[in-house]
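Observations on the three-dimensional arrangement
Listed here are the chains, written in short residue letters.
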Protein chains: 2
Amino acid sequence: MKRYERVAAALQQRMDHGLYRTGDRLPSIRELCAEFAVSVSTVQTAYAELESAGLVEARPKSGYFMQARRRHGLLPAPSRPAQRPLDVSQWDEVLALVNQAEHEAGLRLGSGSPDLTAVTLKPLRRELSALYRRNEPALDNYDTLAGSLALRRQLARLAGAAGTSLHEDDIVITSGCQESLSIAIRTLTTPGDVVAVDSPSFYGSMQTLKAHGLKALELPTDPRSGISLQALELALEQWPIKAIQLTATNNNPLGFTMPDERKQALVRLAQRFDVAIIEDDVYGDLAYTGPRPRTIKSWDEDGRVLLCSGFSKTLMPSLRLGWIAPGRYREQALHMKFVSTGATATVPQLAVARFIERGGYERHLRQAVRLYQRNLAVILGWIQSLFPADIAVSCPQGGFVLWVELQGVDCVKLNARLQRNGIQIAPGVVFSASGKYRDCLRINLVRADAEVKAALQRMAQEVDQLRSR
Amino acid sequence: MKRYERVAAALQQRMDHGLYRTGDRLPSIRELCAEFAVSVSTVQTAYAELESAGLVEARPKSGYFMQARRRHGLLPAPSRPAQRPLDVSQWDEVLALVNQAEHEAGLRLGSGSPDLTAVTLKPLRRELSALYRRNEPALDNYDTLAGSLALRRQLARLAGAAGTSLHEDDIVITSGCQESLSIAIRTLTTPGDVVAVDSPSFYGSMQTLKAHGLKALELPTDPRSGISLQALELALEQWPIKAIQLTATNNNPLGFTMPDERKQALVRLAQRFDVAIIEDDVYGDLAYTGPRPRTIKSWDEDGRVLLCSGFSKTLMPSLRLGWIAPGRYREQALHMKFVSTGATATVPQLAVARFIERGGYERHLRQAVRLYQRNLAVILGWIQSLFPADIAVSCPQGGFVLWVELQGVDCVKLNARLQRNGIQIAPGVVFSASGKYRDCLRINLVRADAEVKAALQRMAQEVDQLRSR
Ligand SMILES: Cc1ncc(COP(=O)(O)O)c(C=O)c1O
Ligand SMILES: Cc1ncc(COP(=O)(O)O)c(C=O)c1O
């Protein structure tokens, strides 16, 4: 991150977190020079950046002020799903979303893919290419079921450095985080069982419930602090819940990270009711600031947390590389892995292990996170200037997706209209078991260029039309 | 295949199929020269090869005679499993087998991997390497759920050429044939259901039944002609069978290919009782002779056959590339694929599609099949000279595994003893739901060198000791 970007990001973070209010005078150039130990021109560049993103306003002779952000602080309200187990629906909408690539390209604002154009990914492709060029039969054989030791070692090391102590033998490599989730769910349940989920929730895990005849109990979820523990407690008292499945760090789609004490309290609750937790941590390495957030797993005392993760959001989806630390369920999870896909492909594992070992992974993460954070600021600015004041927008702590609530707009319809213009969004309904969030959508933050801006303009027009009918 | 090898293979085939009996005089050199349109020295080389494999005997002045093969025609008897649904056991033994790679190398006679040293695989590795070297972000993204069109087109073309008419949209690419089987089984069943299987049967599909709480009904299976259709009919009358799962072509572990009319009759039976067929065709391209055997699917009229296959046995296991043609269950199968692993890795699909398109696949198959057939003759010869006369051996029509029945020998114990000598076999128990086939084992035919010969000698000694106790 360049210096001015660091300063701009810090200021933006403070505004996002409510340290300043609309119209407040922001720190002077001098103050910021001192605080960040940077030059005057660095701070000026930072302010210019924030100004062009519509976040601050420069008033001649008086300094910089926080823009009258029309919806500053207007986060979506906590969700209020029905507190009873439901069958999962919405497969058609999910299929349309994930199969988009099949149709003409267009602008895939609904995509769940990370930045794949970064130069910091090149060394990884080089590793992959070099391993195949070696022409080594041993690399073409079945790997061991748990996956390559080289990769498991790197994963255990990274986890340890971020406060989750894992042994290499605690980890099973999978063909992507979806397989990890699927293994976890199938390990813990039989058809008819109930699983409590965050809501909105990742459609992949929700469809896994559907495919195996399970019911979802959608928990009220606060876009800043995550699932409601009170609601969960009530649900645990009332329903025979087998597992709690959630993304507690850089949540998809809401972007929140549950505070540490809430993660801890969740573990205690799970202990009290003796249920398992499926923690989806696939975005965990993409926090915008501070140390890497701790996992729920890091407070797990008796192996009841099944930690699921992978490289689809941090490196490349098409590696199809994930992992699971299934705690006390290791044996069943390994069996599930065997019947699900057998061993995992060898070369991607070895390539990623080397890439991590040589520092390429952390280098790439720094670059990617900086891009997403910057794009967030830019896109927030565009949204604020283009859309009506009553819409709500999430405040992501990491990752690369933004959740937008367009009160009164049917986003399935909106998507259909936009697709005629070659623009695709992720309609909110796919994130609910029961078709909620119809007036919400998820936007990808990987790009913030003229094409994206034009798409948002188009979207704003369509919203206008849909609302005025 | 060189000329002399073609002649030797043809002769061996005729002996295997009982066209000649022990002690019979075989065709003269002149006759064979005429039949195959080859030179005298070619036929002499062919006979020399068969002689060194212990299959024929040269008697001066009188010609060549079929060796007194002590167990010629001694195929294992058709299996006689209990005709009732059973829970599947033997996971520990399967895990030990598939996780062998974890321990020191040694000689893995129990392996299910094909030849990975062939030069004909090099162009495939080059494709893989080149695709990654292109540094093309588009290749790193999620593929469509059904898999790359380029590969599905090649698969549909190959299937059509072998008599199974498939459209590219009938095919879903998977992360290996195991995923195909798993998708098929999960699509068709719910816990408690019964699936009829060939017996002995591939442990991967059997463990899939176990993992999902299903019961296996093991069908009597003839090592030459496959499952008993009478037994199946009785079972269908008696039990609520949801699906029939079998490997009808170049069966693992028995090596048989069910004759066409029996495959057809099986389809009719499935229609009459309205059950689905899961056809595992992963060895289908590895027949030793004649045209590529037809699939059961080729007689499917109403989409009840779910054809499962992949490239682990024909190319490389670690590609983790398979496919399924799920017939009328396409929609559910696609859903299962989504929740199982999402999209399949892109680059291996594109590399294999190009490899097929450029003729590399068929070139490699010819080379591989020739090797396996040759090794079969050599290893049969060694077994015949090393082991007691009362053992039985399968007569594979294709593939690269041999099934050996060592009456009175506990092959789990045998395996333990051999492992102390760095030799691993696949004990028969892993191929049964209920621990049958304890006196059987499966041997890999990919190598037939001095090390393998020494291992068979060692095995013969251990068998001797185990029997004399
Ligand atoms: C929260 C979450 N978990 C899991 C996944 C699936 O990851 P993978 O592509 O590695 O299977 C995704 C991808 O969209 C996701 O957003
Ligand atoms: C009959 C049979 N089916 C399926 C498989 C699994 O294939 P894959 O490695 O592609 O998952 C095997 C591998 O051992 C097999 O022998």
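Scroll up to find the structure.
Reference entry: report on the structure contained in this document. (Residues numbered from 1 in each chain as written. Chains lettered and ligands numbered in written order. Predicted model: local features only at pLDDT ≥ 70, side-chain atom pairs only at ≥ 80, totals over all residues. Heavy atoms only, no water.)

1. Overview of the site of ligand 2
Taken together, 14 residues lie around ligand 2, and Tyr142 of chain A together with Asn252, Asp280, Ser312 and Lys313 of chain B are the ones closest in. At the site occupied by ligand 2, nearby residues are drawn from chains A and B. Contact between ligand 2 and Cys177 of chain B: an oxygen atom at 2.8 Å from a main-chain N or O atom of the residue. In the model, an oxygen atom of ligand 2 is placed 2.9 Å from a nitrogen or oxygen of the Arg320 of chain B side chain. Contact with the protein chains covers 97% of the free accessible surface of ligand 2, which is 400 Å². When residues of the shell around ligand 2 are assigned to their parent elements, the largest contribution, 3 residues, is made by helix α7 (residues 177-188) of chain B. Within the shell around ligand 2, the residues separate by chemical class into 6 nonpolar, 5 polar and 3 charged. (Near = heavy atom within 4 Å. Polar contact = N/O pair within 3.5 Å; in protein donor to acceptor, adjacent residues only side chain to side chain. Areas by Shrake-Rupley, 256 points an atom, 1.4 Å probe, with all protein chains shown as cover. Helix = DSSP H or I, 4+ residues; strand = E, 2+ residues; numbered from the N terminus. Nonpolar A, V, L, I, M, F, W, Y, C, P; charged D, E, K, R; others polar.)

2. Side note on the packing of aromatic side chains
Taken as a whole and assessed by the stated rule, the structure comprises 21 aromatic pairs over all chains. Here Tyr132 of chain A and Tyr132 of chain B contribute two aromatic rings whose centre-to-centre distance is 6.1 Å and whose plane-to-plane angle is 0 degrees, an arrangement assigned as stacked. Note that Tyr132 of chain A is positioned in helix α5 (residues 122-133) and Tyr132 of chain B in helix α5 (residues 122-133), a pairing that runs across two chains. Accessibility expressed as a relative area gives 5% for Tyr132 of chain A, which makes it buried. When the ring of Trp403 of chain B is compared with that of Tyr437 of chain B, the centres are 6.0 Å apart and the planes differ by 75 degrees; the resulting orientation is edge-to-face. In this pair, Trp403 of chain B sits in strand β14 (residues 401-405) while Tyr437 of chain B sits in the loop between β16 (426-427) and β17 (440-444), placing the two residues 34 residues apart along the sequence. Residues Trp403 of chain B and Tyr437 of chain B agree in their burial class; the two are buried. (Phe/Tyr/Trp six-rings, centres within 6.5 Å; stacked < 30°, edge-to-face > 60°. Buried < 20%, exposed > 50% of the residue type's maximum accessible area, 1.4 Å probe, protein only.)

3. Some points on the relation of the copies chain B and chain A
Rotating chain B by 180 degrees about the axis while translating it 0.0 Å along that axis superimposes it on chain A, leaving an RMSD of 0.0 Å. This pairing of chains is accounted for by a two-fold axis. Judged by C-alpha distance, Ser129 of chain B is the residue of chain B that lies nearest the rotation axis, at 2.0 Å. Here 100% of the contact residues of chain B are again contact residues in chain A; the copies associate through an equivalent surface. (Least-squares fit on C-alpha atoms with pLDDT ≥ 70 in both. Contact = heavy atoms within 4.5 Å.)

4. Digging into the site of ligand 1
Around ligand 1, the structure places 14 residues, and the nearest of them are Gln178, Asn252, Asp280 and Ser312 of chain A together with Tyr142 of chain B. Neighbouring residues of ligand 1 are distributed over chains A and B. Within the backbone of Gln178 of chain A, one N or O atom sits 2.7 Å away from an oxygen atom of ligand 1. The element contributing the most residues to the shell around ligand 1 is helix α7 (residues 177-188) of chain A, with 3 residues. Grouping the amino acids of the shell around ligand 1 by side-chain chemistry returns 6 nonpolar, 5 polar and 3 charged.

In short, geometric facts, not functional conclusions.
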